[in-house]
Amino acid sequence: MSRRTSRVSELLREEISDLVQRDLKDPRLEGALLSITEVEVSADFRVAAVFVSHLGTVEEREDALAGLQSASSWLERELRRRLRMRRPPSLTFQFDPSIARGARLASTIAELARDRDPGDES
């Protein structure tokens, strides 16, 4: 990945995160615990894959992804306005399980530590 592509990806991640948190109004996203973890932009900057981590049930995750995908044209218009891009990339949203996997791993480690040290009970 070139330096320019990397900078554009990071800028898009920050702006999309801000738009989703502050301005996007969709009932499917109300109260959703989601995070934009990464944005991968194609070499020609026409397509961007937005990776979203979500903590919740599978149904809530699917609803959140559907809400984001339906808001993609609004997000693209806002990106054009905010970043002064002639043609913002077409956005596609994909689930990123990394945060959920990390939370599960931390929980397992904490459980193992508790089981290993039974004398430290409060």
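Everything quoted here is computed from the prediction, not taken from an experiment.

A. Molecular detail of the packing of aromatic side chains. Taken as a whole and assessed by the stated rule, the structure comprises zero aromatic pairs. Residue placement shows arginine 61 over the ring face of phenylalanine 95; its charged tip is 4.0 Å from the ring centre.

B. Just the sheet that holds strand β3 (residues 90–95), in detail. If you trace the three strands from one edge of the open sheet to the other, you get β1-β2-β3, paired in mixed fashion. With partners counted over all chains shown, the strands left at the sheet margins are β1 (33–41) and β3, one partner each. Recorded for the sheet is a direction-independent mean angle of 30° between the axes of neighbouring strands. Examined bridge by bridge, strand β2 (residues 47–55) and β3 share six bridges and lie parallel to one another.

C. Region of the structure containing the environment of lysine 25. Tracing the backbone through its elements, the reader meets lysine 25 in the loop between α1 (3–22) and β1. Separated by 90 residues in the primary sequence, lysine 25 and aspartate 115 have C-alpha atoms spaced 45 Å apart. There is a polar contact of 3.4 Å between the side chain of lysine 25 and the backbone oxygen of arginine 22.

Basis of the calculations
Residues numbered from 1 in each chain as written. Predicted model: local features only at pLDDT ≥ 70, side-chain atom pairs only at ≥ 80, totals over all residues. Heavy atoms only, no water. Phe/Tyr/Trp six-rings, centres within 6.5 Å; stacked < 30°, edge-to-face > 60°. Lys NZ or Arg CZ within 6 Å of the ring centre and 35° of its normal. Pairing = 2+ DSSP bridges. Helix = DSSP H or I, 4+ residues; strand = E, 2+ residues; numbered from the N terminus. Axes fitted to C-alpha atoms, helices over the stretch in contact; angles between N-to-C directions. Polar contact = N/O pair within 3.5 Å; in protein donor to acceptor, adjacent residues only side chain to side chain.

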